[in-house]
There are 2 protein chains.
Amino acid sequence: MISIDTFHLTPSTPGTLQSRIQQMVAQGILSGRFRAGERLPSSRALALHLGVSRITVTLAYTELVADDYLSARGRSGYYVSANAPEPPDFPARASGPGTVNWLELLPKSPSLGITKPADWASYRYNFIYGQSDPTLFDSANWRLCALQALGKRDFDSLTADQYDGDDPLLIDYITRQTLPRRGILAAPDEVLLTMGAQNALWLTAQLLTPNRNTVIEDPGYPALRALLSQTHTILTPLALDQDGLDPATIPPGTDVVFTTPSHQCPTTTTMPHARRQALLDRAEADNMLIVEDDYEFEMSFLRPAAPALKSMDKTGRVIYIGSFSKSIFPGLRLGYLVGPAPFIAAARALRASILRHPPGHIQRTTAYFLSLGHYDALIRRMSRAYHERRRVLDSAIAAHGLQVAGTGTYGGSSLWMRAPGVNTYELAARLRGVGVLIEPGAPFFAGSGGVTTEFYRLAYSSIPAGRIAEGVGLVGG
Amino acid sequence: MISIDTFHLTPSTPGTLQSRIQQMVAQGILSGRFRAGERLPSSRALALHLGVSRITVTLAYTELVADDYLSARGRSGYYVSANAPEPPDFPARASGPGTVNWLELLPKSPSLGITKPADWASYRYNFIYGQSDPTLFDSANWRLCALQALGKRDFDSLTADQYDGDDPLLIDYITRQTLPRRGILAAPDEVLLTMGAQNALWLTAQLLTPNRNTVIEDPGYPALRALLSQTHTILTPLALDQDGLDPATIPPGTDVVFTTPSHQCPTTTTMPHARRQALLDRAEADNMLIVEDDYEFEMSFLRPAAPALKSMDKTGRVIYIGSFSKSIFPGLRLGYLVGPAPFIAAARALRASILRHPPGHIQRTTAYFLSLGHYDALIRRMSRAYHERRRVLDSAIAAHGLQVAGTGTYGGSSLWMRAPGVNTYELAARLRGVGVLIEPGAPFFAGSGGVTTEFYRLAYSSIPAGRIAEGVGLVGG
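None of these values were measured; they are calculated from a predicted model.

A. Layout of the overall build of chain A. For chain A, the helix and strand inventory stands at 15 helices and 15 strands. Overall, the C-alpha framework of chain A stretches about 85 × 55 × 50 Å when taken along its three principal axes. Looking at chain A as a whole, 59% of its 477 residues are labelled buried. Contacts spanning at least 24 positions in sequence make up 73% of the contacts within chain A whose residues lie at least 6 apart. Approximately 18200 Å² of chain A is accessible, and the part contributed by carbon and sulfur atoms is 54%. The centroid of the 44 positive side-chain charges in chain A is displaced by 6 Å from the centroid of its 42 negative side-chain charges.

B. Broad picture of the interface of chain A and chain B. On the chain B side, the residues contacting the 106 residues of chain A number 106 residues. Summed over both sides, the interface of chain A with chain B buries roughly 8800 Å², with 63% coming from carbon and sulfur. Among the residues of chain A in contact with chain B, Trp102(A), Tyr163(A) and Arg176(A) are the three that bury the most area, contributing 8% of the side total. The interface formed by chain A and chain B contains 4 salt bridges. At the boundary of chain A and chain B, one finds 33 residue pairs in polar contact (both at pLDDT 80 or more). At 10 residues, the largest contribution of residues to the side of chain A that touches chain B is made by helix H11 (residues 341-355) of chain A. Classifying every residue of the side of chain A that touches chain B gives 57 nonpolar, 25 polar and 24 charged.

C. Inspection of the pairing of strand E12 (residues 414-418) of chain A at higher detail. Residues and elements named next belong to chain A. Counting buried positions along E12 yields 4 of 5 residues, so the element is predominantly enclosed. With 3 bridges connecting them, strand E11 (residues 403-406) and E12 associate as antiparallel partners. Across the sheet, residue Gly406 finds its bridge partner in E12, namely Trp416.

D. Highlighting the packing of aromatic side chains. All names here are of chain A. A full pass over the atoms with the stated rule returns 33 aromatic pairs over all chains. Summarising the aromatic geometry, the rings of Tyr61 and Tyr78 are spaced 4.8 Å apart at their centres and angled 55° between planes, so their arrangement reads as tilted. One end of the pair, Tyr61, is in helix H3 (residues 54-66); the other, Tyr78, is in strand E2 (residues 78-80), with 17 residues separating them in the sequence. The pair formed by Tyr61 and Tyr78 is uniform in burial state, with each residue classed as buried. Where Phe324 meets Tyr336, the ring centres are 5.5 Å apart and the plane angle is 50°; that geometry is what we call tilted. Note that Phe324 is positioned in the loop between strand E9 (318-323) and strand E10 (335-338) and Tyr336 in strand E10, a separation of 12 residues in sequence.

E. Fine view of the relation of the copies chain A and chain B. Rotating chain A by 180° and moving it 0.0 Å along the rotation axis overlays it on chain B with an RMSD of 0.2 Å. The two molecules are tied by a two-fold rotation axis, judged by turn and shift. Using C-alpha coordinates, one finds that chain A approaches the rotation axis most closely at Leu147(A), a distance of 3.8 Å.

F. Structural context of unusual backbone geometry. Residue and element names in this part refer to chain A. Cis rather than trans, the peptide bond between Cys265 and Pro266 has omega equal to 10°. Tracing the backbone through its elements, the reader meets Pro266 in the loop between strand E7 (256-259) and helix H10 (273-285). If you check the backbone angles, Asn287 has positive phi at about 50° while not being a glycine. Along the chain, Asn287 turns up in the loop between H10 and strand E8 (289-293). Asn287 gets classed as partly exposed once you look at its relative accessible area, which sits at 48%. Positive phi, close to 70°, is recorded for Arg356, a residue that is not glycine. Within the element layout of this structure, Arg356 appears in the loop between H11 and helix H12 (360-371).

G. Spotlight on the pattern of salt bridges. For the structure shown, the criterion picks out 35 salt bridges over all chains. Between Arg282(A) and Asp286(A) there is a salt bridge, with its nearest N and O atoms 2.9 Å apart. Taking relative accessible area as the criterion, Asp286(A) reaches 35% and is therefore assigned partly exposed. A salt bridge links Arg457(B) to Glu439(B); its shortest N-O distance comes to 3.0 Å. Here the residue Arg457(B) occupies a position in strand E15 (residues 455-459), and Glu439(B) occupies one in strand E14 (residues 439-440), the gap between them amounting to 18 residues. Each of Arg35(A), Glu38(A), Asp172(B) and Arg176(B) takes part in one network of salt bridges that share partners.

H. Spatial organisation of the confidence of the model for chain A. When pLDDT is averaged across chain A, the result is 91; 96% of the residues are at 70 or more. As a predicted assembly, this complex carries a pTM of 0.87 together with an ipTM value of 0.87.

I. Broad picture of the sheet that holds E14(B). Residues and elements named next belong to chain B. Here 4 strands make up an open sheet; going across it, the order is E11-E12-E15-E14 and the pairing antiparallel. In the strand order of this sheet, the two ends are held by strand E11 (403-406) and E14, each with one partner. Sheet analysis places E14 next to E15, joined by 2 bridges and oriented antiparallel. Each residue of the ladder has a partner; that of Pro440, found in E15, is Tyr456. The strands that helix H13 (residues 374-399) touches are E11, strand E12 (414-418) and E15; relative to E12, the one it contacts most, it runs at about 15°.

J. Helix H1 (residues 17-30) of chain B, seen in detail. Residue and element names in this part refer to chain B. Helix length check: H1, at 14 residues, gives a terminal C-alpha distance of 20 Å against a target of 20 Å (1.5 Å per residue), a fit within 8%. Among all positions in H1, only Arg20, Ile21, Gln22, Met24, Val25, Ala26, Gly28 and Ile29 are buried. In the segment just after H1, Gly32 is the residue with positive phi, at about 90°.

K. Structural context of the sheet that holds strand E5 (residues 213-218) of chain B. Residues and elements named next belong to chain B. Read across the sheet, 7 strands follow the order E4-E10-E9-E8-E7-E5-E6 without closing on themselves; strand pairing throughout is mixed. Taken across any chain shown, the strands that pair with only one partner, and hence form the sheet edges, are strand E4 (191-194) and strand E6 (234-239). The average undirected angle you get between the axes of adjacent strands in this sheet is 20°. Here E5 pairs with E6 via 6 bridges, running parallel. Across the sheet, the residue bridging to Val215 is Thr236, located in E6. Along the sheet, helix H7 (residues 168-178) makes contact with E4 and strand E10 (335-338), crossing E4 at roughly 120°.

L. Broad picture of the nonpolar core. Core analysis: the largest hydrophobic core is formed by 126 residues, its most contacted members being Phe127(A), Tyr336(A), Ile438(A), Phe127(B), Tyr336(B) and Ile438(B). Counting 62 residues, the second largest nonpolar core, distinct from the first, contains Ala200(A), Leu106(B), Ile216(B) and Ala347(B).

M. Summary view of the packing of helix H13 (residues 374-399) of chain A against helix H15 (residues 465-476) of chain A. Residue and element names in this part refer to chain A. The contact between H13 and H15 brings their axes to 9 Å, and the two run at 20°. It follows from the interaxial angle that H13 and H15 lie roughly parallel. Between H13 and H15 lies a crossing of right-handed hand. Residues Glu388, Arg389, Val392, Leu393, Ala396 and Ile397 of H13 form the contact with H15, whose own contacting residues are Ala465, Ile468, Ala469 and Val472.

N. Structural detail: the packing of helix H5 (residues 139-149) of chain B against helix H12 (residues 360-371) of chain B. Residues and elements named next belong to chain B. In contact at an axis separation of 8 Å, H5 and H12 are set at 125° when each is read in the N-to-C sense. With respect to H12, the element H5 is oriented oblique. The way H5 lies across H12 gives a crossing that is right-handed. On H12, the residues touching Asn141, Trp142, Cys145, Ala146, Gln148 and Ala149 of H5 are His361, Arg364, Thr365, Thr366, Tyr368 and Phe369. In the contact of H5 with H12, the residues fall into 6 nonpolar, 5 polar and 1 charged.

O. Inspection of the side chain of Ser462(B) at higher detail. Along the polypeptide, Ser462(B) turns up in the loop between E15 and helix H15 (465-476). Not counting residues within four places of it along the chain, the set of residues in contact with Ser462(B) comprises Trp120(B), Asn126(B), Ile128(B), Gln131(B), Asp133(B) and Arg389(B).

P. Spotlight on the side chain of Ser353(A). In this structure, Ser353(A) sits in helix H11. Assessed through its relative accessible area of 2%, Ser353(A) is described here as buried. With residues up to four places along the chain from it excluded, the contact list for Ser353(A) reads Pro110(B), Gln198(B), Trp202(B) and Leu227(B).

Q. Region of interest: the environment of Leu30(A). Residue and element names in this part refer to chain A. Its location among the elements puts Leu30 in helix H1 (residues 17-30). For Leu30, a relative accessible area of 33% puts it in the partly exposed group. Placed 54 residues apart in sequence, Leu30 and Ala84 show a C-alpha to C-alpha distance of 8.5 Å.

Parameters and conventions
Residues numbered from 1 in each chain as written. Chains lettered and ligands numbered in written order. Predicted model: local features only at pLDDT ≥ 70, side-chain atom pairs only at ≥ 80, totals over all residues. Heavy atoms only, no water. Helix = DSSP H or I, 4+ residues; strand = E, 2+ residues; numbered from the N terminus. Buried < 20%, exposed > 50% of the residue type's maximum accessible area, 1.4 Å probe, protein only. Contact = heavy atoms within 4.5 Å. Areas by Shrake-Rupley, 256 points an atom, 1.4 Å probe, with all protein chains shown as cover. Lys, Arg positive; Asp, Glu negative; His and termini not counted. Charge placed at Lys NZ, Arg CZ, Asp CG, Glu CD. Buried area = accessible area lost by both parts, 1.4 Å probe. Salt bridge = Lys/Arg side-chain N within 4 Å of Asp/Glu carboxyl O. Polar contact = N/O pair within 3.5 Å; in protein donor to acceptor, adjacent residues only side chain to side chain. Nonpolar A, V, L, I, M, F, W, Y, C, P; charged D, E, K, R; others polar. Pairing = 2+ DSSP bridges. Phe/Tyr/Trp six-rings, centres within 6.5 Å; stacked < 30°, edge-to-face > 60°. Least-squares fit on C-alpha atoms with pLDDT ≥ 70 in both. pLDDT = per-residue confidence, 0-100. Axes fitted to C-alpha atoms, helices over the stretch in contact; angles between N-to-C directions. Expected span 1.5 Å × (residues − 1). Core = buried A, V, L, I, M, F, W, Y, C linked by side-chain atoms within 4.5 Å. Parallel < 35°, antiparallel > 145°, perpendicular 65-115°, else oblique. Left-handed = near helix turned anticlockwise from the far one by under 90°.

Have a look at this one:
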């Protein structure tokens, strides 16, 4: 049944009432809004709705039946005919005199810096990074927590406009349980929830980088480079060594350094303790700020994760970013910023201005999932599975003589690989033909030097252990 | 039980292993992380975790018991003592030499332009605007839709990183069912989901207003004025007449006009058809763009809502904003932008850069709630209740001789009121003392002239009909 509320007689349309009704219905069909087999409102109801006489609508319907737009089925009414004209692929766009030239008018669009085939899940040997694995995720308990968060007692946390506020239950868990595991002590006003790490990076970049000198890691996270290209910052990508970012190579005059010390993206390197201290010392001496993206610290199955860089920060110059995208799922869009209270207050005001707050239901469900212990159990299950996959992957790589360019010494969910002399865009395209999905490494490079097309990423967050060896065989074959 | 993962020995801390463990536990207590009665990990487990001998941990625990930080309970282990020192209200902040002066460093924060008492729900005569009413919302069916969206079949829509994409089910419903009710025909690539109308306004302002001449309504939506104060636009607030924004008063050289033609915020005026056409003609003649905020069009219980301004747009110069905040609930954070495909593509890229996409679960739940007909039923129930509340409110206002400064001729959820010679900030403060919550009108004014403190808003979206007369009596008394 087509809703009667979708029928309007535009006051300015020329023609008799009857012909305008015919046009209205025909346009609904031609535009694809009304589909074959759908029932029209009765002539009585439509006449009442439009404020016209019933006979006018009946005559219009009769004409439309004659033109095979509609078919009449006895007393049950009028339906869009199976023979009605097919709609075009999309409705007509504005064009002709007076039409706005939008392409001329709009600023250059930012890029996410990430491209993945939409059908990634259908690959048999799926070495894709950063999506959730249905065989590991605890859907049953997530569902129970979501239901609890939908209950009467939580009506306000679900429905209310919180303006710039966060769910106190979730903030309490993060400050008391999550951050201490990273060695970080923070008060509630030093934490802000964000729409994933992307949103945390964006807010931080907006507040800290415009018209300042910013250093990023090269290779590094493409989405960070892409968003920094929009903030009018002077960007310096720094080439890494085997221990990640070398503080000695940071140019004088740098204001902000973005880094991934726990698990460098994409090389998976962990920055040693002495270098972290050197980075902080350098930052203090030259009054730099540091933004620490601590994504994926949860996946520490080879050895306990080292405390975050933020835990060593005595002068309030480290902004810390955490995310539930890798440990729960990326479609949740939930992450957090930790920093000195004045910075968090500014980030909170900016977040409120662009979106107010993450949906209440998402926050409360996550708070329950964390505080009831399901999150810890999930991390343990994921760690066990990743550990096994990593073991299989390591041996398959050794067996096929593939070259590892970066190894997460504490765990993670991917390896950074190098294929000397090979263009990995071509390699990835060829492998796709045999059901293998790998990620070419070039998009991670900002261009501070080196052959970038030889690298690729092999992730084991979505591929079952049993398929890894065969998949690696195809990569090496 | 305090999680063992929250224990770390910082490599650089001086002292013996035993004293460092004692310090670590004492700090956990002093900082408020470990609370009285919570159980410590066993000495065996902690020794294993820290890689130290068990006797070292046992000696540290024994010392902590002697100092009354911990208490030992026979074989069941060690607990934070009930006599342990109380934590301070918040952990110590960075201070002293080298500490960053954040207040000096950060840009000026945007304001949401909105202030409401946090305890608004506790007022007996609650004339607050824009929150959800638990007596009207269909929690049961919302819960069922949420459960369905959490099912196995929807795992991907729940969990996957969609990068810049939207839920096709929700887009399909909006293009085929919602927009046609506003007389708008749009293809899927002409619609973008946003984190509420706030996010839609922000994205639009970012793309269209920097370094251009922008006109807003005065009075108007404070959150719009606040976010435009951040985009480096040249802002002209235009005083309204009884029909809303008068196109003849728009200054030459204007590039963008933000307007609320269906239901002017806050006066609730509906712009007549002839004036809408004049506005579009003016926009076309002077090549202006129009941003139409069509919030609350669903609440049309007095007469059918007129089609949106966007429905009359032949030259692709109207950007349309819709929202589910008033019709479902504001904590959902879901709205949408409609405009020409190139504009939507740019807004999509910008959205992806700041947050990627609204959480998948929120989108899919809403898609089910809409397509299963629960939304239409909810709107009907809300309309009936609002209609009744409005009737009671209108008679109470007449009975107490209060002055209405703007009336929604088709419905809405609030009235715009004037109290000549009264400062409504003082009035609101006085009324709060007797359990009445009204909203002073001054924040809606940008200052294009007139006495602004005489106005106030009376909303009937959260107050039961039975309390309205008494509440209005207190306002007028």
